[in-house]
Amino acid sequence: MTTTPVQPTAPGAPTPSSATAATDAARDARERRSALSLPYTRVDDVFIDGEYVPAQATARNPVTDPSTGEVWGEVPDGSADDVDAAVASARRAFDAGPWPRLSPSERAAYLTRIADEIEARAEDLAETNTRENGSPITETRGAAANAAGIFRYFATLAEYLEREDVRPFPFAPGQESVVRRDPVGVCALIAPWNFPINLVVIKLAPALLAGCTVVIKPASPTPLSIRFIVDAIAAAGVPAGVVNLVTGSGRMGDVLVKHPGVDKVAFTGSTPVGRKIAAACGELLRPVTLELGGKSSAIVLPDADLDAMSKVLIRSSMRNTGQTCYISTRILAPASRYDEVVDMAASVISGSPQGDPLDPATVFGPSATSAQFETVMEYVESGLAEGARAAAGGRAASFAPESGLEGGFFVEPTVFADVTPSMRVAREEIFGPVLTILKYDDGRPGRGVDEAVGLANNTEFELGGLVFSADPEAALAVADRVDTGSIGINFFASNHSAPFGGRHDSGLGTEYGIEGLGAYLMYKSIHRKAR
């Protein structure tokens, strides 16, 4: 059924035409949900030692549809006993099971089968993901393919692990060292709610190829979609105990991070939580990978093609309703073209439909949780209070009564102009559909780029970034000066084979690429006489 997406309405009674559209959309919103036949809604089990078993905890956590505010699922709010059982299973599988003792090529064959099994579950995974966190269905329908691609990429690195690594002593002829790459052990993988599949898989795939065993703990708002990855692993024949899954609130993550049976922690989430995990791992001398917050900048050079920029703006700066760590939510525009940039951004953002994320026409969905909605609205209000101008949005989205979405956690996609570097919206991660546009002075020859780079580097977070320019060489020169982990020229995307990680308060370590595999390895040097 094709319908007109519901658009946020201004306060006051809707017009007859908007009331009709709201009625149609309400019917569609309810029909879409009632038509779903999801394998997992209310569950009482966790995945330990190769099978789903009843959780030892009796408490349950609700799963809420952020588009409607309705509870539609439930999972165990796990206990320390559940964590103990999961870690013990992973420990047995690592210490005595076959997985670490298989060759990398044998493990890679499993990864390839896992990829196939994930793709077979793509639609159920996507619909579950969208109901959990409100990500538009056009976004979540790519999750299975992307996850499968990550598994297949890491499978190609088996040859790297199997390659003989013999290093002669530099100043001692006739002596050499054989360097072994061993799996680090039992890994705790803790994921966030914004991309609950791929931000697990980017940890899981290299850990499995390395020969590690794992315990996965998803974010409490998104505990169901990850079960399709676990199902794919089981269907691929991965030995029991290699992958385990527990669910629960944040305290469960704390128990897992500090568990004596865990050898390594990998976490994606907020910087404040990451600091606590880093402190715990530091005390335990436990290796940790942290992918944390971002406040990335897009530098618009004076010669930039704004029409081309408009086509990648949402993907680069507002992806997943602004709930993406690396997106460039700070646009740094030259004074000579500032009004053009503001007008372009406001037009693109305000012209993109917001509504039911199960509708393929929807571009902007809700905030993933009520708490995140409140956080984003606080930032919107602070921006207005500090003097920013809302060129688009600037308030909570209001849907007509009985729209089917009136109980959802929607913030109007917002573009703030006249933003200064001292404003909170310019400095702090918002994690919502809020774009800020700052101005730099390009009227002084040779100084404008310096000012733009200075603004881009004037942040505690350095994760992503962009440079827009018609001159690729000039853009590359600017990109080299930005202090960040990743940066794009005229577009941004993740490359499975290239390292991804933050600098400063954006994290520790890297994911993706051979470098990401290295996070799950430890090294042994065997010294011997040269043959």
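Quick caveat: nothing in here was measured; it's all calculated off a predicted structure. (Residues numbered from 1 in each chain as written. Predicted model: local features only at pLDDT ≥ 70, side-chain atom pairs only at ≥ 80, totals over all residues. Heavy atoms only, no water.)

Caption draft 1: Here's a closer look at the side chain of Thr-68. Note on placement: Thr-68 falls in the loop between strand S3 (60-65) and strand S4 (70-76). At a separation of 3.2 Å, a polar atom in the side chain of Thr-68 contacts the main-chain amide nitrogen of Glu-70. Residue contacts for Thr-68: discarding those within four places in its chain leaves Arg-33, Gly-404, Gly-407 and Gly-408. (Helix = DSSP H or I, 4+ residues; strand = E, 2+ residues; numbered from the N terminus. Polar contact = N/O pair within 3.5 Å; in protein donor to acceptor, adjacent residues only side chain to side chain. Contact = heavy atoms within 4.5 Å.)

Caption draft 2: Structural detail: the sheet that holds strand S16 (residues 434-440). Strand order in the open sheet formed by seven strands is S14-S15-S16-S13-S12-S18-S19, and the pairing between neighbours is mixed. Whereas interior strands pair on both sides, the edge strands pair on one side only; in this sheet they are strand S14 (389-392) and strand S19 (488-489). In the sheet, strand S12 (residues 297-300) pairs with strand S13 (residues 330-334) via three bridges, with the strands oriented parallel. Its bridge partner lying in S13, Ser-297 is registered against Arg-330. Running at roughly 165° to strand S15 (residues 414-419), helix H13 (residues 338-350) makes contact with S12, S13, S14, S15 and S16 of the sheet. (Pairing = 2+ DSSP bridges. Axes fitted to C-alpha atoms, helices over the stretch in contact; angles between N-to-C directions.)

Caption draft 3: Quick look at the layout of surface pockets. Looking at the largest pocket, its volume works out to about 850 Å³. Surrounding the largest pocket, 38 residues form its lining, Phe-267, Thr-268, Gly-269, Ser-270 and Val-273 being those nearest its centre. Counting only elements with at least two residues in the lining of the largest pocket, the list comes to helix H10 (250-257), strand S10 (264-268), helix H11 (271-284) and helix H14 (370-385). With six residues, the single largest contributor to the lining of the largest pocket is H11. For the lining of the largest pocket, a count of residues per class yields 20 nonpolar, 12 polar and six charged. (1 Å grid on protein atoms, 1.4 Å probe; cavity = no way out; pocket = protein on both sides within 12 Å on 5 of 7 lines; lining within 4 Å. Points joined across faces, edges and corners; volume = space filled by probe spheres on them. Nonpolar A, V, L, I, M, F, W, Y, C, P; charged D, E, K, R; others polar.)

Caption draft 4: Structural context of the nonpolar core. Core analysis: the largest hydrophobic core is formed by 100 residues, its most contacted members being Phe-151, Phe-154 and Leu-204. Not counting residues within four places of it along the chain, the set of residues in contact with Phe-151 comprises Leu-111, Ile-114, Ala-115, Ile-118, Val-201, Leu-204, Ala-205 and Leu-208. If you look at the next biggest cluster of nonpolar residues, it comprises 29 residues, including Ile-430, Ala-456, Ala-475 and Val-482. (Core = buried A, V, L, I, M, F, W, Y, C linked by side-chain atoms within 4.5 Å. Buried < 20%, exposed > 50% of the residue type's maximum accessible area, 1.4 Å probe, protein only.)

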